[in-house]
Structure formats: C-alpha cells, structure tokens
Amino acid sequence: MYSSSSKIQINEELLLKESIQWSKVIKEKIKHAINFSALRKAFESNDMSFAIIQQVYKTILKIFNLMYSDLIENDYHLKIWCKGTKIILKKSDKLNYSISKTYRIITLLNCLDKVAEKIIAVQLFYTAEINNKLLNFDQMKGRKQRSAINAVLNLVHDVQMTKSRENTLICLLLDVKEVFDHVVLKQLIKILIKLKISVNLINWVKCFLQNRIIDLAFDDERQKSKKISTEISQDSSILLILFLIYIRYLFSKIHAKFENLQSLSYIDDVTLYVEGKNIDKNVKILKNAAKIAFTWAENNAVQFDDSKFELIHFESHKMTLNQMIILLNNMIIKSKTCVQWLKVWLNWKLNFKVHVQTKIATVTRMLHSLFKLMNSEWELNVKSEKQLYLICITFISDYDVEIWWNN
C-alpha cells in the first residue's frame with residue numbers, strides 16, 4: 001500500500017517554526033546509553049560487544065561524544081549500523097514445526113547502532129511525558145508508572161466503579177498482529193509531521209529505516225543480505241516508541257466518534273470498553289468501534305489477529321452469555337465468562353478466583369521441582385536454595401499481587 005522508496009515531501013521551514021522542541025544530544029545522555037546497556041545482550045559476531053564499548057568509552061569518551069552528537073544532530077545514521085542478522089529459533093515442546101508460530105525470531109544488531117537508538121528512544125519518551133500530543137494518555141509501556149500492572153489496575157478500577165453504580169461494563173480485547181513488521185515508513189513520517197515532531201528527528205528516522213539490511217540464519221544456513229522496508233527490529237531500542245506513535249491516531253479516531261468509550265493499550269494489546277445499563281447499546285458501540293479500528297488498520301498497513309479477540313461483560317448480579325459481536329469479516333466474537341489480559345485472569349464477577357487458582361497451581365509445580373532439586377545428589381547449599389526460592393517461587397507468587405489481593 002505504501003512504498004518506502006516514495007519521495008516524502010517535508011516542509012522544513014514550517015516544521016522548524018511549529019515543531020516540538022528537540023534538545024541537543026549531551027554527553028550525559030551518551031554516557032547513560034553506553035554504561036546502562038546490558039553486557040550479555042546478543043550482538044553481531046563480527047562486532048564489538050557492550051563490554052568492549054564501555055571500556056573503550058572510558059579511554060576515548062570525547063571521540064564517542066563528538067561522534068554521536070554530530071551524527072544525531074545532523075540527522076544521519078551510519079549505513080554500516082543498519083545491518084543485522086535475524087536468527088530463527090524453534091520454540092521448545094511444540095508438536096508441529098510446520099506452523100510459523102512454533103518459531104521465534106531474534107535479531108542481532110550492531111551495538112554502536114543500539115547506543116544511537118537508545119539515545120533517541122530516551123529523548124522521545126521524555127518528550128511524550130512533557131507533551132501530551134505525542135501519545136494517547138492510555139498508551140502504556142515504556143512510560144513512567146504505566147506498566148502492565150498499571151494497565152490492569154486501570155481496567156479493574158473502572159470495572160469496580162461501574163459495579164458501584166450498578167451498571168454493566170462490556171470489554172472487547174483486540175490484538176495487533178506482528179506489530180513491528182507493519183510500520184510503514186511513508187505513513188510513519190506523515191504521522192510525525194502531523195504531530196509537528198522536530199525536522200531533525202524526522203530526517204533521522206528516515207535515514208534509520210530506509211537503509212535496513214537483514215541476513216537470515218536458520219539451521220546453520222545463512223541467506224544473502226536483503227533490504228527490508230516495512231519493519232522495525234524487535235531488538236531495537238527505538239521500536240517501542242515509534243510503534244506507539246504509529247498507532248496513536250487509532251484511539252483519537254475511536255474517541256472522536258464515541259465519547260463514552262474508553263480504551264487501554266499495552267503495545268499490541270488493545271482494550272476497548274464502554275459502561276451503561278443497556279447491554280445491547282453497549283454491544284453496538286463496541287461493534288462500531290471495532291469497525292473503525294479495522295478501517296484504520298487497513299489504511300495504515302496494520303493487521304489485527306482475529307483469533308485472539310475476546311469479549312466479556314463485567315456485571316454485578318447475573319452473567320450475560322448470549323451477547324456477541326460480528327466483525328467486518330463475519331467473524332463472531334462470543335461473550336466469555338473469563339479472559340486473560342496481560343497475564344491476569346479476569347472473570348465476569350471480578351473476584352480473581354481463576355487467577356489465584358492458576359497462580360497456586362503454578363507455584364505448587366515449581367515447589368515440587370525445587371524440592372526434587374534440593375533432595376538430589378548435588379546437595380545445594382542453603383544460600384543457593386534461598387536464591388532459587390526467591391527467583392522461582394516468590395517472583396511468581398508476588399507478581400501482580402496488588403491487583404488481586406484484598407486483605
């Protein structure tokens with residue numbers, strides 16, 4: 001639908017006058033991006049690791065500071081940094097490896113490239129916090145106090161308030177398919193221009209995305225290098241904020257049409273919900289909202305995963321199971337009594353019984369495995385046993401406890 005090779009016209013004079021302020025790259029940002037990078041992060045076999053870069057940076061930090069500040073402020077991303085290797089890995093314990101979902105893809109990138117991306121990503125997230133036009137308020141992930149737990153807490157709070165008013169809240173869960181494979185450069189640039197992003201950043205994004213080259217590796221075989229035009233690597237530091245910007249107008253279009261409809265978004269997990277006493281009216285609103293979402297997706301080369309759509313009614317008195325939504329492709333989404341969203345099970349009563357039972361079963365299995373290990377011939381010492389307990393048991397039992405714990 002969109003060609004990355006198409007020439008994108010930018011009125012630089014207009015953008016320079018009206019654009020969101022973009023601060024200069026200072027040495028503290030470069031230092032933070034280098035020193036706080038994961039040392040064990042996978043990298044291209046012929047490139048330097050972060051451990052080496054951190055040691056070199058201590059010796060020639062002035063050269064590093066000058067290099068990154070000049071490249072970013074002059075809107076340029078080195079072509080040699082734009083090359084990566086995609087490795088296709090089989091997921092364990094799968095029965096049929098002829099299905100694409102049984103494989104996982106990781107991308108090995110140049111570590112110097114990752115530093116540049118991290119500098120830009122941090123600046124963009126900071127800009128999003130001080131300027132409410134960059135992202136929709138309910139777009140989570142990567143933003144302060146907007147984690148997956150915060151997203152679920154927001155939904156739980158709205159459900160509880162609905163119940164206190166003796167209303168019904170109906171919720172439609174959507175899932176964006178292969179999110180980072182469908183960021184089209186031409187459309188992304190149009191969105192950045194519409195948001196009045198700095199012309200320097202727009203030119204940098206163009207340079208960053210236009211020259212991507214990928215090698216494909218699978219079963220000890222390596223394919224020849226290939227240019228890609230509609231993809232941001234899942235291992236890229238900047239992918240998250242660019243994707244959030246890419247889909248931000250989806251929520252604006254829906255809210256402009258339905259003022260009472262609310263939304264929550266955590267990367268590719270989108271939730272639309274509406275409150276009211278008239279269930280049929282609520283269902284109709286969600287159906288029309290889904291229609292707008294599908295139309296937006298088609299116009300922006302984005303796809304929704306129909307198989308992951310779910311519908312649930314949160315009610316105080318009785319359970320409603322006869323409601324459904326028919327999508328544009330005639331797929332029927334029937335109401336469920338319990339759904340899982342961001343790893344938390346939510347049932348129509350919102351009493352978290354299913355979630356707690358699932359968590360207990362998981363912790364019990366882990367305990368049995370831990371006991372077997374402790375009683376094995378290796379004879380773990382007390383310190384190791386405590387570490388395993390904290391990592392394997394406490395982490396699972398305590399995660400998201402603030403959502404479902406009720407004294």
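Residues numbered from 1 in each chain as written. Predicted model: local features only at pLDDT ≥ 70, side-chain atom pairs only at ≥ 80, totals over all residues. Heavy atoms only, no water.

Draft legend 1. Spatial organisation of the nonpolar core. Membership of the largest hydrophobic core comes to 107 residues, with the highest contact counts inside it found for Tyr 68, Leu 124, Val 205, Ile 238, Ile 245 and Leu 286. In terms of residue count, the dominant contributor to this core is helix α11 (residues 279-299) (11 residues). With residues up to four places along the chain from it excluded, the contact list for Leu 286 reads Ile 170, Cys 171, Leu 172, Leu 261, Leu 272, Tyr 273, Val 274, Leu 311 and Ile 325. (Core = buried A, V, L, I, M, F, W, Y, C linked by side-chain atoms within 4.5 Å. Buried < 20%, exposed > 50% of the residue type's maximum accessible area, 1.4 Å probe, protein only. Helix = DSSP H or I, 4+ residues; strand = E, 2+ residues; numbered from the N terminus. Contact = heavy atoms within 4.5 Å.)

Draft legend 2. Representation of the packing of helix α2 (residues 27-35) against helix α5 (residues 111-130). For the pair α2 and α5, the least separation of the axes is 9 Å and the interaxial angle reads 120°. Here α5 runs oblique to α2, going by the angle between their axes. Classified by chirality, the crossing of α5 by α2 is right-handed. On the side of α2, the interface is formed by Lys 29, Ile 30, Ala 33 and Ile 34, while α5 contributes Val 115, Lys 118, Ile 119 and Gln 123. (Axes fitted to C-alpha atoms, helices over the stretch in contact; angles between N-to-C directions. Parallel < 35°, antiparallel > 145°, perpendicular 65-115°, else oblique. Left-handed = near helix turned anticlockwise from the far one by under 90°.)

Draft legend 3. Molecular detail of the side chain of Asp 400. Residue position: Asp 400 is located in the loop between α13 (382-398) and α14 (401-404). Classification of Asp 400 as buried rests on a relative accessible area of 2%. Within the local environment of Asp 400, its side chain forms a polar contact with the side chain of Trp 404, the two groups lying 3.0 Å apart. Apart from residues no more than four positions distant in its own chain, Asp 400 is found in contact with Ile 149, Lys 343, Val 344, His 355 and Lys 359. (Polar contact = N/O pair within 3.5 Å; in protein donor to acceptor, adjacent residues only side chain to side chain.)

Draft legend 4. Seen up close, the packing of aromatic side chains. Going through the model one piece at a time under the given rule, you end up with 11 aromatic pairs. Each ring, one from Tyr 97 and one from Tyr 103, has its centre 5.9 Å from the other, and the planes form 65°; the classification is edge-to-face. Both rings, one in Phe 294 and one in Phe 309, keep their centres 6.0 Å apart while their planes meet at 80°; by these two values the pair is edge-to-face. Placement of Phe 294 in helix α11 and of Phe 309 in the loop between β10 (303-304) and β11 (310-314) is noted, with a sequence separation of 15 residues between them. (Phe/Tyr/Trp six-rings, centres within 6.5 Å; stacked < 30°, edge-to-face > 60°.)

Draft legend 5. Broad picture of the packing of helix α10 (residues 248-257) against α11. Two elements in contact, α10 and α11, have axes separated by 10 Å at closest approach and are oriented at 145°. In the crossing of α10 with α11, the sense of the turn from one axis to the other is right-handed. Of α11, the residues touching α10 (which contributes Tyr 249, Leu 250, Lys 253, Ile 254 and Lys 257) are Ala 289, Ile 292, Ala 293 and Trp 296.

Draft legend 6. Highlighting a nonpolar patch on the surface. Taken together, the side chains of Met 324, Ile 326 and Ile 332 present a nonpolar region at the surface, about 230 Å² in accessible area. The topology assignment puts Ile 332 in strand β13 (residues 332-336). Under the relative-accessibility criterion, Ile 332 is labelled partly exposed at 44%. (Patch = residues over 30% accessible without salt bridge, like charges linked within 9 Å, V, L, I, M, F, W, Y side chains within 5 Å. Areas by Shrake-Rupley, 256 points an atom, 1.4 Å probe, with all protein chains shown as cover. Salt bridge = Lys/Arg side-chain N within 4 Å of Asp/Glu carboxyl O.)

Draft legend 7. Seen up close, the pairing of strand β1 (residues 83-90). Direction of pairing for β1 relative to strand β5 (residues 213-218): parallel, over a ladder of 5 bridges. Within β5, the residue paired with Gly 84 across the bridge is Ile 214. Bridge count for β1 against strand β2 (residues 103-108) is 6 bridges, and the pairing is antiparallel. Directly across from Leu 89, in β2, lies its bridge partner Arg 104. (Pairing = 2+ DSSP bridges.)

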